[in-house]
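# Observations on the three-dimensional arrangement
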Amino acid sequence: CCNMNLCCRCSQTKLGALERQIFDFLGYQWAPILGNFLHIIVVILGLFGTIQYRPKYIVVYAIWNALWVAWNVFIICFYLEVGGLSKDTDFMTFNISMHRSWWREHGPGCVRREVQPPPSQAPADHSYISVTGCIMPFQYLEALHSSFQLLLSLISFVCACYVISVLTEEEDNCKY
């Protein structure tokens, strides 16, 4: 019973991470792409540990969930510009490109237009984008995504701890 509960939580977490991975790829956000990839790998490891009754794998999954919670809190603080963080830095792209969140230009209700900059200010391979009419600013959408991931991770962490306690209790009972 408890293993099935953790399997369902792992599957929900994996689907949430895949959805987030898609939007991070669309925005060329390399730091979150790397984090999402690692998260998907550890979720698969947690699923394997649950199905095969391997508490050590579930412990790795639980520890990763704690780190994932911290990462998502950081993402929320980053996009809401808490504590001196700025959403306009190139941190999420590892300073490789000028890309930003995909939601910045493609959020619900957003109208995107290319604007011609003065010839002296525009590099040849870039264009200026004007975005108007967004129903919700992109930083709130990013914070909402991270909040959803945070909620899934907290629930999964609790389930993983419960499964670990049940499996280790069963191991202790089998030894006698």
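Rules and cut-offs
- Residues numbered from 1 in each chain as written.
- Predicted model: local features only at pLDDT ≥ 70, side-chain atom pairs only at ≥ 80, totals over all residues.
- Heavy atoms only, no water.
- Core = buried A, V, L, I, M, F, W, Y, C linked by side-chain atoms within 4.5 Å.
- Buried < 20%, exposed > 50% of the residue type's maximum accessible area, 1.4 Å probe, protein only.
- Helix = DSSP H or I, 4+ residues; strand = E, 2+ residues; numbered from the N terminus.
- Contact = heavy atoms within 4.5 Å.
- Phe/Tyr/Trp six-rings, centres within 6.5 Å; stacked < 30°, edge-to-face > 60°.
- UniProt positions renumbered as here; feature names shortened; annotations may be inferred.

## Observations concerning the nonpolar core
Core analysis: the largest hydrophobic core is formed by 11 residues, namely V42, V43, I58, Y61, A62, W64, W68, A160, V163, I164 and L167. Residue assignment for this core shows that the elements contributing at least two residues are helix 2 (30–51), helix 3 (55–79) and helix 5 (138–175). Ranked by residue count, the leading element in this core is helix 3, at 5 residues. When neighbours within four sequence positions are excluded, W64 is seen to be in contact with G35, L38, H39 and V42.

## Observations regarding the packing of aromatic side chains
Within this structure, the stated rule accounts for 6 aromatic pairs. With 6.0 Å between their ring centres and 35° between their planes, F74 and F78 make a pair best called tilted. Of the two residues, F74 and F78 both sit in helix 3, 4 residues apart, roughly one turn of that helix. Overall, F78 belongs to the buried group, its relative accessible area being 2%. Members of the aromatic cluster, joined through ring pairs, are W71, F74, F78, Y79 and F138.

## Considerations on the UniProt feature "transmembrane region" (unreviewed entry) in the chain
The feature "transmembrane region" (unreviewed entry), as given by UniProt, occupies residues 30–51, 58–82 and 148–167 in the numbering adopted here. Across residues 30–51 one finds 100% helix and 0% strand; the C-alpha atoms that close the span lie 32 Å apart. The span residues 58–82 is 88% helical and 0% strand by assignment, and the distance between its end C-alpha atoms comes to 33 Å.

## Observations regarding unusual backbone geometry
Apart from glycine, the bulk of residues carry a negative phi angle, and the bulk of peptide bonds sit in the trans form. A positive phi angle, near 55°, is found at Y53, a position not held by glycine. By secondary structure assignment, the location of Y53 is in the loop between helix 2 and helix 3. Y53 gets classed as exposed once you look at its relative accessible area, which sits at 51%. Even without being glycine, E81 reaches a positive phi, approximately 55°. Within the secondary structure layout, E81 lies in the loop between helix 3 and helix 4 (103–106).

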